[in-house]
Amino acid sequence: MRLKNATMLMLAAFIWGTAFVAQSVGMDHLGPFTFNGVRNFIGAAALLPCIWFLDRLNAKEQPADRLKQPEPRRNDPKEKKDLITGGIACGVVLFTASSLQQVGLQYTTVGKAGFITACYIIIVPVCGIFLHKKIAGKVWIAVALSLAGLYLLCITEKFAVGRGDLLVFLCALVFSVHIMVIDYFSPKVDGVKMSCIQFFVCGVLSLIPMFVLENPQMAAIIKSWVPILYAGVLSSGVAYTLQIVGQKNVNPAIASLILSLESCFSVLAGWAILKQQLSEREAIGCVLMFAAIILAQLPEKLLSGKTVGERQEYKTR
């Protein structure tokens, strides 16, 4: 694995982890739906130059004798239909997940939210049961570890679950659906273009509860311009592009291991910037959940010594 690729993926994980702080701070002046709406519109706009850049990059990497190859079909109606359908479907699911996460951040810490959200890495393969896919033994061990971690992280001594923790866990469940929707459409369309559409759809859907439940004001949006731009431009545009470019010619399992460090960065960012502390019990829960995340993504050949086919994983923000 080249150092350049690893650096890109590590930077993407850092941006995503610290974005939890931006999301939390952004609600000092804005409601969750206003923040999400503005953020997603900015994210869609930020991906436009990314699409141009990646198109140029792909054009440069075409073989020298590309003129001898048959010209790929352009403006394929079926591909265009899949792109629009996939973008809308992903946008609807992303709106649901991000809304749950953004509201949940009002009632829980940044570090806990980062680890609970990362549960989707374990939930996705378990959901494969309903698609008649075989579940490896390591996944069940990861599930047990994550459940133990969630218990320590979320369940209080009075056996009560915090409102924010519950909302963020529901967010992780919906993000699992989001990944499976992406898994269905991504082989058929341009992933970055589909992501741009999903951000726009998510922004439009956020306008409804924004005007019904909240009182958005331009002055408040201007006061929150730093976290909004961080979440919109860096988390959506820059980090997503770093992931796309960084994963090129890299084992997807190894790439996912690096990207999963976002949960650790979220804890460190919450401690360093917001001075949010984790109790000893919550810290142990984070360790168990991180161990589960790592185990769930380790290639089978590292665990059993047998060579297996690589499993392509897809992740977006």
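Up top is the structure.
Scope of this entry: the structure provided in the associated data block. (Residues numbered from 1 in each chain as written. Predicted model: local features only at pLDDT ≥ 70, side-chain atom pairs only at ≥ 80, totals over all residues. Heavy atoms only, no water.)

1. Concerning the packing of aromatic side chains
Now for step 1: Here the structure, examined in full by the defined rule, presents three aromatic pairs.
Now for step 2: Summarising the aromatic geometry, the rings of Phe-14 and Phe-265 are spaced 5.4 Å apart at their centres and angled 80° between planes, so their arrangement reads as edge-to-face. Highlighted residues: Phe-14 in helix H1 (residues 3-26) and Phe-265 in helix H12 (residues 262-273), separated in sequence by 251 residues.
Now for step 3: In this structure Phe-14 comes out as partly exposed when scored by relative accessible area, which is 37%.
Now for step 4: Ring geometry for Phe-41 against Phe-200: centres 5.8 Å apart, planes inclined by 65°, an arrangement best described as edge-to-face. With a gap of 159 residues between them, Phe-41 in helix H2 (residues 32-60) and Phe-200 in helix H8 (residues 191-213) connect regions that are remote in the sequence.
Now for step 5: Taking the relative accessible area as the measure of exposure, Phe-41 reaches 29% and is therefore partly exposed. (Phe/Tyr/Trp six-rings, centres within 6.5 Å; stacked < 30°, edge-to-face > 60°. Helix = DSSP H or I, 4+ residues; strand = E, 2+ residues; numbered from the N terminus. Buried < 20%, exposed > 50% of the residue type's maximum accessible area, 1.4 Å probe, protein only.)

2. Some points on the environment of Ile-122
Now for step 1: Along the polypeptide, Ile-122 turns up in helix H5 (residues 120-127).
Now for step 2: The class for Ile-122 is buried, based on a relative accessible area of 4%.
Now for step 3: Residues Ile-122 and Gln-297, 175 residues apart in the sequence, show an inter-C-alpha distance of 8.7 Å.
Now for step 4: Excluding its chain neighbours within four sequence positions, the residues that come into contact with Ile-122 are Ala-142, Val-143, Ser-146, Ala-292, Ile-293 and Ala-296. (Contact = heavy atoms within 4.5 Å.)

3. Topic: a nonpolar patch on the surface
Now for step 1: Taken together, the side chains of Met-218, Ile-222, Trp-225, Val-226, Leu-229, Val-233 and Val-238 present a nonpolar region at the surface, about 640 Å² in accessible area.
Now for step 2: Put simply, the parts of the chain that give the nonpolar patch at least two residues each are helix H9 (218-223) and helix H10 (225-246).
Now for step 3: With respect to the secondary-structure elements, Ile-222 resides in helix H9. (Patch = residues over 30% accessible without salt bridge, like charges linked within 9 Å, V, L, I, M, F, W, Y side chains within 5 Å. Areas by Shrake-Rupley, 256 points an atom, 1.4 Å probe, with all protein chains shown as cover. Salt bridge = Lys/Arg side-chain N within 4 Å of Asp/Glu carboxyl O.)

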